[in-house]
Amino acid sequence: MTANTTAAAEVTAWRNAVVVAYAGSGLAFASWVSRLPAIRDGLDLTPGTVGLLLLCMTLGSFVSVSASGLIVLRLGSKRTIRAGAIMVGCGMAIAGFGTSVLATPVAVAVGLAVIGLGSASWSTASNVEGASVERAVGRHIMPRLHGAFSLGTVAGAGLGAWAAAASVPVFWHLAAAGVVVAVSVTTAAAWFRADVTPVAGERKYVPDNFEDPFTGPIPIVTAGAPADVSGAPLDNKRKIAEAWRDRRTLLLGVMVLGLALAEGAAGDWVALALADGHGQTDAAGAAGYGLFVTFMTIGRFAGTVVLDRYGRVPVMRWCAALAVFGLGLFVFAPVPWLAFVALAIWGLGASLGFPVGMSAAADDPAKAAARVSVVSTIGYGAFLCGPPLLGLLAEHVGILHSLLAVMVMLVATFFLSPVARKAP
């Protein structure tokens, strides 16, 4: 085996390990979300109490993502992902134990807070690692990595539905899922290379007969200095502060925010909007969200080819335009079947915002952790704060018309698309 082939195989193993990290995150998220009705019923909670429980996870996530840049710079992405996966696994077990054994909302709240603390930093570190392997293979693969997260959520939701139908206790389900996630991700992390991969240098392609089916020809980085992940705390704080003052980074965050809000709003409100606004059954509402997620996943797996061919800026413009058209059609659809068509268009439009934003933020490897953390924090703001604010607006204008507020940010995303252009 030649040196080039060996190096290419190492990059492929690295890529596969990052796929496991993304898929594991999706599996963990969907596992506990799918058992939320069982948690509510088991503890006899009111909707208000459920909201408070979710707020605990939201606060944990926001604290974690806000500090994620410093954490990744200090620990490196490998150790951050491992620690995050273990925390999420423990949080799932605590939430399940609080439901099935202790039967107290306080324990569930603690578990969800631990999940939030672990998952947000894990997400930032995964994006740093994903951007590094994307540079190594020389193609846009970040959309497919986020597609792996989507596939993980599909698997988690399916297993959760089976566990609920089989009356599996919440503790045993979440504990088992937590162990699977923690073990698989911490094991896969052994192949991560972002913390030691050169950040500058010449890329060389391996012979034509070695082509990976996922990414195509594998390039090899042959020169440059290793990334520094053990800087002094003061230097790390300075990097974060500089990232928050960087105009392009902030604009990337706003660009991502629009499509992230479109994705988050769909997750929280599509099923209700179909039921209340379009007169559909609860089952049809759930199917509508499933359709949205399916087309978002399709968009992410197709995104690699589209981005390689057309580049980030045109693709982001088309994504924003599709999301605006799909959302508007969904709100004003005169017949229900047209609303379902609109969900497919909306899902395609929302698919690439986060992946492209993370890739663009990581264009400079030496500043990737700081800038990715800033863009992630702004994007997470859409996921965490946007849907509740839409709920308040819905009290006055109804669920369907409250979604029109998302279009304002989508228009901003359209005009901010040029900031995604690859930095020199």
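For clarity, every value in this text was computed on a predicted model and none was experimentally measured. Residue indices follow the written sequence of each chain, beginning from 1 at its first position. Selection of residues for local features in this predicted model requires a pLDDT of at least 70, selection of side-chain atom pairs for listing and counting requires 80 or more, and totals for whole chains, interfaces and linings are taken over all residues. No hydrogens and no water enter the side-chain calculation; it runs on all heavy atoms of the structure.

1. Re the overall build of the protein
Here comes step 1: Runs of E in the DSSP output that reach at least two residues are strands. Runs of H or I that reach at least four are helices, and both are numbered from the N terminus. Secondary structure assignment for the protein yields 16 helices and 4 strands.
Here comes step 2: Split into buried and exposed, the 424 residues of the protein put 53% on the buried side.
Here comes step 3: Here, two residues are considered to be in contact whenever any of their heavy atoms come within 4.5 Å of each other. Sequence separation of 24 or more characterises 83% of the internal contacts of the protein that already satisfy a separation of 6 or more.
Here comes step 4: Computed with a 1.4 Å probe, the accessible areas rest on the Shrake-Rupley method; for each residue, only the protein chains presented here act as cover. Of the accessible surface of the protein, which amounts to about 17500 Å², a share of 70% is contributed by carbon and sulfur atoms. For every residue, the accessible area (1.4 Å probe, protein chains only) is compared with the maximum for its type, and the residue is labelled buried under 20%, exposed over 50%, or partly exposed between those bounds.

2. With respect to the nonpolar core
Here comes step 1: In terms of nonpolar packing, the biggest core is built from 107 residues, with Phe 330, Trp 346 and Leu 403 touching the most fellow members.
Here comes step 2: If one sorts the elements of this core by residue count, helix H9 (residues 247-277) sits on top with 13 residues.
Here comes step 3: The source of the domain bounds is an automatic or database domain assignment. Split by domain, the residues of this core number at least three in each of domain 1 (7-193) and domain 2 (236-423).
Here comes step 4: Setting aside residues no more than four positions away along its own chain, Phe 330 makes contact with Val 270, Ala 273, Leu 274, His 278, Ala 339, Ala 342, Leu 343, Trp 346, Leu 400 and Leu 403. We call a set of buried residues a nonpolar core when its members are Ala, Val, Leu, Ile, Met, Phe, Trp, Tyr or Cys and they connect through side-chain atoms within 4.5 Å of each other.

3. Observations regarding the confidence of the model for the protein
Here comes step 1: Per-residue confidence from the prediction method is given by pLDDT, with values spanning 0 to 100. The share of residues in the protein with pLDDT of 70 or more is 85%, and the mean pLDDT across the chain is 80.
Here comes step 2: With pLDDT under 50 throughout, residues 199-230 is counted as low confidence; its partners more than four residues away or in other chains account for 81 contacts.

4. So, the packing of helix H11 (residues 312-332) against helix H16 (residues 404-416)
Here comes step 1: Put simply, H11 and H16 touch, their axes get as near as 9 Å, and they point 165° apart. As judged from the angle between their axes, H11 and H16 are roughly antiparallel. At the point where H11 passes H16, the crossing takes the left-handed sense. Contacts between H11 and H16 involve Arg 317, Ala 320, Ala 321, Ala 323, Val 324, Leu 327, Gly 328, Val 331 and Phe 332 from the former and Leu 404, Val 406, Met 407, Leu 410, Val 411, Thr 413 and Phe 414 from the latter.
Here comes step 2: Grouping the amino acids of the contact of H11 with H16 by side-chain chemistry returns 13 nonpolar, 2 polar and 1 charged. Here an axis means a line fitted to C-alpha atoms, over the contact stretch when the element is a helix, while the angle between two N-to-C directions is reported on a 0 to 180 degree scale. Orientation labels follow simple angle bins: below 35 degrees gives roughly parallel, above 145 gives roughly antiparallel, 65 to 115 gives roughly perpendicular, and whatever is left gives oblique. The hand of a helix crossing depends on one turn: near helix anticlockwise from the far one by less than a right angle means left-handed, and clockwise means right-handed. For this classification, Asp, Glu, Lys and Arg are treated as charged, while Ala, Val, Leu, Ile, Met, Phe, Trp, Tyr, Cys and Pro are nonpolar and the rest, including Gly, are polar.

5. What about the pattern of salt bridges?
Here comes step 1: Salt bridge, as used here, is a side-chain nitrogen of Lys or Arg placed within 4 Å of a carboxyl oxygen of Asp or Glu. Tallied over the entire structure, the rule returns 6 salt bridges.
Here comes step 2: We note a salt bridge from Arg 248 to Asp 363, for which the minimum N-O separation is 3.1 Å. On the criterion of sequence distance, the pair formed by Arg 248 in helix H9 and Asp 363 in the loop between helix H13 (353-361) and helix H14 (368-397) is long-range, its members being 115 residues apart.
Here comes step 3: On the basis of relative accessibility, which here comes to 13%, the residue Asp 363 falls in the buried class.
Here comes step 4: Among the salt bridges present, the one from Glu 263 reaches Arg 300, with a minimum N-O distance of 3.3 Å. A residue pair is termed long-range when its members are at least 10 positions apart, and Glu 263 in helix H9 and Arg 300 in helix H10 (residues 282-310) qualify at 37 residues. Arg 300 shares its class with Glu 263; the two are buried.
Here comes step 5: Among the charged side chains, a salt-bridge network with shared partners connects Arg 248, Arg 312 and Asp 363.

6. Details of a nonpolar patch on the surface
Here comes step 1: A cluster of nonpolar residues, Ile 298, Trp 318, Leu 322 and Leu 348, forms a patch on the protein surface that exposes about 380 Å² of accessible area.
Here comes step 2: By the element assignment, Leu 322 lies in helix H11.
Here comes step 3: On the basis of relative accessible area, Leu 322 is assigned to the partly exposed category, the value being 30%. Residues enter patches when their relative accessible area tops 30% and they take part in no salt bridge; the joining distance is 9 Å for like charges and 5 Å for the nonpolar side chains Val, Leu, Ile, Met, Phe, Trp and Tyr.

7. Some details on the packing of aromatic side chains
We describe a pair of aromatic rings using the distance from one ring centre to the other and the angle between the two ring planes.
Here comes step 1: For this analysis, a ring pair means two rings from Phe, Tyr or Trp (six-membered ring only for Trp) whose centres lie within 6.5 Å, classed as stacked if their planes differ by under 30 degrees, edge-to-face if by over 60, and tilted for the remaining angles. Inspection of the entire model under this criterion finds 6 aromatic pairs.
Here comes step 2: Relative to Phe 171, the ring of Phe 97 has its centre 5.6 Å away and its plane inclined at 70°; by these criteria the two rings are edge-to-face. Of the two residues, Phe 97 sits in helix H4 (residues 77-100) while Phe 171 sits in helix H7 (residues 170-188), which places them 74 residues apart along the sequence.
Here comes step 3: With a centroid separation of 5.3 Å and 85° between ring planes, the pair formed by Phe 414 and Phe 415 is classed as edge-to-face.
Here comes step 4: Classification of Phe 414 by relative accessible area gives partly exposed; the value is 33%.
Here comes step 5: Among the residues examined, Phe 415 registers a relative accessible area of 62% and is labelled exposed.
Here comes step 6: Counting every residue linked through ring pairs, the aromatic cluster contains Phe 97, Phe 171 and Trp 172.

8. Some details on the environment of Ala 405
Here comes step 1: Mapped onto the secondary structure, Ala 405 falls in helix H16.
Here comes step 2: Not counting residues within four places of it along the chain, the set of residues in contact with Ala 405 comprises Leu 390 and Leu 393.

9. Some remarks on the environment of Val 408
Here comes step 1: Tracing the backbone through its elements, the reader meets Val 408 in helix H16.
Here comes step 2: Since its relative accessible area comes to 56%, Val 408 is described here as exposed.
Here comes step 3: Remark: the alpha-carbon pair of Val 408 and Gly 258, spanning 150 residues in sequence, is separated by 8.1 Å.

10. A look at the side chain of Arg 144
Here comes step 1: Residue position: Arg 144 is located in helix H6 (residues 142-165).
Here comes step 2: We count Lys and Arg on the positive side and Asp and Glu on the negative side, and we leave His and both chain ends out. Among buried Asp, Glu, Lys and Arg side chains, Arg 144 stands out as unpaired, with Asp 308 the closest opposite charge at 7.3 Å.
Here comes step 3: Reaching out from Arg 144, the side chain makes a polar contact with the backbone oxygen of Phe 301 at a distance of 3.0 Å.
Here comes step 4: In this structure the side chain of Arg 144 is engaged in a polar contact, spanning 3.4 Å, whose partner is the side chain of Thr 304. N or O atoms within 3.5 Å of each other form a polar contact, as long as, within protein, one can give a hydrogen and the other can take it, and as long as residues adjacent in sequence are counted only when both atoms are side-chain atoms.

11. Regarding helix H12 (residues 336-350)
Here comes step 1: In this analysis, the expected span of each helix is defined as 1.5 Å times one less than the number of residues it contains. An ideal rise of 1.5 Å per residue puts 21 Å on 15 residues; H12 measures up with 21 Å between its terminal C-alpha atoms.
Here comes step 2: Of all the residues in H12, the buried ones are Leu 338, Ala 339, Ala 342, Leu 343, Ala 344, Ile 345, Trp 346, Gly 347, Gly 349 and Ala 350.

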